[in-house]
Amino acid sequence: MLKGSQILLESLINQGVDTIFGYPGGSIMPVYDALYDYTDRLRHILVRHEQGAIHAAQGYARVKNFPGTVIVTSGPGATNVITGVADAMIDSTPVVVIAGQVASTALGSDAFQETDLIGMTTPISKWAYQIRRPKDIAWAVARAYYIAASGRPGPVVLDFTKDAQIGMAEYVRKNCSFIRSYVPVPEPTEKSLAEAAAMIDQARKPFVVYGHGVILSSAEKELAGFLDKGDIPAGSTMLGLSALDSDNPHYTGMLGMHGSLASNVLTQECDLLIAVGMRFDDRVTGTISTYAKQAKVIHIDIDASEIGKNIPVDLGILGDAREVLSELTRRIKSDVKRDWNGEKAACEAVEKEKVIDPEVNPSEGLIKPGEIIAAVAEACKGNAIVVTDVGQNQLFASRYSRFKQSRSMITSGGLGTMGFGLPAAIGAKVAAPERPVCLFVGDGGIQMTVQELGTIMQDGIGVKVILLNNNWLGNVRQWQQLFFDGRYSFTRMQNPDYEKLAEAYGITCLSLEDRAEMPAAIAQMLADDKPFILNVHVAEADNVFPMIPPGKSVGEIMLNDKDWFVYGK
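All of the points below concern the structure found in this document. (Residues numbered from 1 in each chain as written. Predicted model: local features only at pLDDT ≥ 70, side-chain atom pairs only at ≥ 80, totals over all residues. Heavy atoms only, no water.)

### Details of the overall build of the chain
Turning to step 1, where the next piece is worked out: Helix and strand counts for the chain stand at 23 helices and 22 strands.
Turning to step 2, where the next piece is worked out: Each of the three principal axes of the chain carries a C-alpha extent, and together these read 75 × 60 × 40 Å.
Turning to step 3, where the next piece is worked out: Residues counted as buried form 59% of the 569 residues belonging to the chain.
Turning to step 4, where the next piece is worked out: The long-range share in the chain, meaning contacts at least 24 apart out of those at least 6 apart in sequence, stands at 76%.
Turning to step 5, where the next piece is worked out: Summing over all exposed atoms, the chain offers an accessible surface of approximately 22300 Å²; the carbon and sulfur share of this is 52%.
Turning to step 6, where the next piece is worked out: Charged side chains in the chain number 53 positive and 66 negative. The centres of these two groups are separated by 4 Å. (Helix = DSSP H or I, 4+ residues; strand = E, 2+ residues; numbered from the N terminus. Buried < 20%, exposed > 50% of the residue type's maximum accessible area, 1.4 Å probe, protein only. Contact = heavy atoms within 4.5 Å. Areas by Shrake-Rupley, 256 points an atom, 1.4 Å probe, with all protein chains shown as cover. Lys, Arg positive; Asp, Glu negative; His and termini not counted. Charge placed at Lys NZ, Arg CZ, Asp CG, Glu CD.)

### What to know about the nonpolar core
Turning to step 1, where the next piece is worked out: In this structure, Val208, Tyr210, Phe226, Leu273 and Ile372 are the most contacted members of the largest nonpolar core, which totals 90 residues.
Turning to step 2, where the next piece is worked out: Of all hydrophobic cores here, the second largest spans 51 residues; its members include Ala53, Val85, Leu117 and Val465. (Core = buried A, V, L, I, M, F, W, Y, C linked by side-chain atoms within 4.5 Å.)

### Brief notes about the sheet that holds strand E15 (residues 385–388)
Turning to step 1, where the next piece is worked out: Taken in spatial order, the six strands make up an open sheet running E16-E15-E17-E18-E20-E19, and their pairing is parallel. Edge positions in the sheet fall to strand E16 (409–410) and strand E19 (508–512), since each of these pairs with one other strand and no more.
Turning to step 2, where the next piece is worked out: Inspection of the sheet shows strand E17 (residues 437–442) paired to strand E18 (residues 464–469) by five bridges, in the parallel sense. Within the sheet, the bridge partner assigned to Phe440 lies in E18 and is Ile466.
Turning to step 3, where the next piece is worked out: Contacts between helix H16 (residues 369–380) and the sheet are confined to E17, E18, E19 and strand E20 (532–537), with E18 contributing the most and set at about 165 degrees to the helix. (Pairing = 2+ DSSP bridges. Axes fitted to C-alpha atoms, helices over the stretch in contact; angles between N-to-C directions.)

### Here we look at the pattern of salt bridges
Turning to step 1, where the next piece is worked out: In this structure the tally under the stated criterion is 28 salt bridges.
Turning to step 2, where the next piece is worked out: Taking the shortest distance from any N to any O, the salt bridge between Glu348 and Lys344 comes out at 3.1 Å. With Glu348 and Lys344 both in helix H15 (residues 341–360) and four residues apart, the pair spans about one turn of that helix.
Turning to step 3, where the next piece is worked out: Overall, the relative accessible area of 37% leaves Glu348 in the partly exposed class.
Turning to step 4, where the next piece is worked out: One salt-bridge network, held together by shared partners, links Arg152, Asp303, Glu306 and Lys309. (Salt bridge = Lys/Arg side-chain N within 4 Å of Asp/Glu carboxyl O.)

### A short note on the side chain of Asp389
Turning to step 1, where the next piece is worked out: Residue position: Asp389 is located in the loop between E15 and helix H17 (392–400).
Turning to step 2, where the next piece is worked out: For the buried Asp389, which has no salt bridge, the nearest side chain bearing the opposite charge is Arg62, at an N-O separation of 12 Å.
Turning to step 3, where the next piece is worked out: Sequence-distant contacts of Asp389, that is, excluding residues within four places in its chain, are made with Gln394, Thr411, Thr417, Met418, Gly419, Phe420, Gly421, Leu422, Leu439, Phe440, Val441 and Gly445.

### Thoughts on the packing of helix H12 (residues 261–269) against H15
Turning to step 1, where the next piece is worked out: At a minimum axis separation of 8 Å, H12 and H15 run at an interaxial angle of 140 degrees. As far as their axial angle goes, H15 and H12 are oblique. In this structure, the crossing between H12 and H15 has a hand that is right-handed. Contact residues: Leu261, Ala262, Val265, Leu266 and Glu269 in H12; Glu343, Lys344, Cys347, Val350 and Glu351 in H15. (Parallel < 35°, antiparallel > 145°, perpendicular 65-115°, else oblique. Left-handed = near helix turned anticlockwise from the far one by under 90°.)

### Overview of helix H18 (residues 421–431)
Helical periodicity: at 3.6 residues per turn, an α-helix aligns residues three or four positions apart in one direction.
Turning to step 1, where the next piece is worked out: Among the 11 residues of H18, 11 are classified as buried, and the element is accordingly described as predominantly covered.
Turning to step 2, where the next piece is worked out: If you check which residues of H18 are buried, you get Gly421, Leu422, Pro423, Ala424, Ala425, Ile426, Gly427, Ala428, Lys429, Val430 and Ala431.

### Some remarks on the pairing of strand E5 (residues 95–101)
A regular strand places its side chains so that they alternate between the two faces of the sheet.
Turning to step 1, where the next piece is worked out: Along E5, seven of the seven residues are buried, which leaves the element largely enclosed by surrounding structure.
Turning to step 2, where the next piece is worked out: Relative to E5, strand E4 (residues 68–72) is paired through five bridges, and the arrangement is parallel. Each residue of the ladder has a partner; that of Ile71, found in E5, is Ile98.
Turning to step 3, where the next piece is worked out: By the bridge criterion, seven bridges tie E5 to strand E7 (residues 155–161) in an arrangement that is parallel.

### Brief notes about helix H14 (residues 321–331)
Turning to step 1, where the next piece is worked out: Those residues of H14 not exposed but buried are Ala321, Val324, Leu325, Leu328 and Thr329. Each buried residue of H14 lies within a common arc of 130 degrees when the element is viewed along its axis, so the set occupies one face.
Turning to step 2, where the next piece is worked out: As for H14, its buried residues are in contact with helix H9 (190–202), helix H10 (212–216), helix H11 (220–230), strand E12 (272–276), strand E13 (296–301) and strand E14 (315–318).
Turning to step 3, where the next piece is worked out: Where H14 starts, the residue carrying a side-chain oxygen 3.1 Å from the main-chain nitrogen of Arg322 turns out to be Asp320. (Arc of directions from axis to C-beta. Polar contact = N/O pair within 3.5 Å; in protein donor to acceptor, adjacent residues only side chain to side chain.)

### A short note on empty space enclosed by the protein
Turning to step 1, where the next piece is worked out: The tally for this structure, following the rule as stated, stands at four cavities of 30 Å³ or more.
Turning to step 2, where the next piece is worked out: Reported here for the largest cavity is a volume of approximately 60 Å³.
Turning to step 3, where the next piece is worked out: Lining the largest cavity we find Ile373, Val376, Ala377, Cys380, Gly382, Asn383, Ala384, Val386, Ser401, Arg402, Cys438 and Phe440.
Turning to step 4, where the next piece is worked out: Looking at the lining of the largest cavity, the elements that each hand over two or more residues are H16 and E17.
Turning to step 5, where the next piece is worked out: Considering every element that reaches the lining of the largest cavity, the biggest residue donor is H16, with four residues.
Turning to step 6, where the next piece is worked out: Along the lines of polarity and charge, the residues of the lining of the largest cavity split into eight nonpolar, three polar and one charged.
Turning to step 7, where the next piece is worked out: The calculated volume of the second largest cavity comes to roughly 50 Å³. (1 Å grid on protein atoms, 1.4 Å probe; cavity = no way out; pocket = protein on both sides within 12 Å on 5 of 7 lines; lining within 4 Å. Points joined across faces, edges and corners; volume = space filled by probe spheres on them. Nonpolar A, V, L, I, M, F, W, Y, C, P; charged D, E, K, R; others polar.)

### Considering the environment of Leu318
Turning to step 1, where the next piece is worked out: For Leu318, the position within the fold is in strand E14.
Turning to step 2, where the next piece is worked out: On the accessibility criterion, Leu318 (30% relative accessible area) is partly exposed.
Turning to step 3, where the next piece is worked out: Taking the C-alpha atoms as reference, Leu318 lies 25 Å from Gly286; in sequence the two are 32 residues apart.
Turning to step 4, where the next piece is worked out: Sequence-distant contacts of Leu318, defined by excluding residues within four places in its chain, comprise Pro186, Glu187, Pro188, Asp301, Ile302, Asp303, Ala304 and Ile307.

### Quick word on unusual backbone geometry
Turning to step 1, where the next piece is worked out: Look at the link from Phe545 to Pro546: it is a cis peptide, with omega at 0 degrees.
Turning to step 2, where the next piece is worked out: Here Pro546 is to be found in the loop between E20 and strand E21 (556–558).
Turning to step 3, where the next piece is worked out: Notably, Ser242 is not glycine yet its phi reads approximately 90 degrees, a positive angle.
Turning to step 4, where the next piece is worked out: Of note, Ser242 is situated in the loop between strand E10 (234–236) and strand E11 (251–254).

Keep in mind that these numbers describe shape and distance, not what the molecule does.
In structure tokens form, the structure reads like this:
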């Protein structure tokens, strides 16, 4: 017989949990009291804000390939994680949120710090459940981790009433591997596989667009093998970055609004578009009415709701990306040589001249964002875990980082959550303490969760923060310049003294303005595993290019402030 709070912790351990990100409070205090006796088996990271807890859990989950765990109190503690729940849902990140709740006898009475967490999170989670009896705890926890991690992963919310925490019940270990009517991994049909293989063999210029689903299904080797056997080029969504080695000869770069010229041109040039584990987000497709109209489309996804949702398909294959790619590789011809390298090389030459060289090798002025990111990538030899916030820092990092292993790009994709970066980097470093974790963040994003420097201080978490400091909300400023006649409405920022701020938290901070000092500054940052902030004063008005403006097709691309590339002209 154990208290409900003890049953919870025993159940977490039984599911394989080793780390909790959390913040105590009144309605979850019995669990924290029990946790006092479990610190030899459960590591607890005390964040400074509940939003920090769930973003840290997301970073942990994305690197570890295991659900991140969050424990918070009721009311504002619970509502503070809702942004992260929505973020995890749209980006298919497995997290389990355990929130305290008032006693079941007080539900519906507007008791102190009572909120309807189940009602608020049901639309943005895979499963939301309220635990009212201690005997239901082990069952609910087992079910929560199974649902969060299986199929298309996502967030699960457990609302844990206070009387269930303090009540007594017999603890019986529970595990879950089956839920009636829930089919997390559908089997691809023989007909769909045979038809897809025939379409691929008949295609003259196929092109693969792949996303986060490749990483979630651990299909990286299968993707590389498929591309190699079929001699097929491939472009990545932002969340798919690092699934392929950056130097893979079939890799053409990121897709979409700020993607590579080659990937976007091949999208409009191919006669067969093969989508793997991606959802045709609007940032990838541009104007849907003009997206890859010349091509037949095969869409491979584990979630039936995604197939045909945004882009009409000629063939949908419902199944796990790893299994489907393995089967297709076995079936397609191996003696195919396709003519696509010339187009790739031509696009890369234009992009290098018009975009990359001016950004990475400027002759004068302040350091450019792409310049420092490329320099850090070179110093890390592609082995770092790259974490970003949202905005220009994210887009530059996506373009100029290099990857040698999977699960190395951690960012907020579908929801675009500013403030994600710093806590997510904490979670990533906790998940992989042996790897360097480099966070690229803007001065807007870092101030949204800057209090998590206290978490870094208390736990000695060796995150390397590269702050792209330009005194602007850079991405909004870019849009205001290009599409709103330069009317810079509330995007200029007055920033704190980051060196003094870092000193207050006991973290080394070095400010960098002179590019001649850049190699030494990066070397100093990476010399040990201690936390470090590199405060880089970057060019204020630098824009991220290439760019597909809103309302344009993926073949209508701004190369810089004055030059355009228009496919077919």
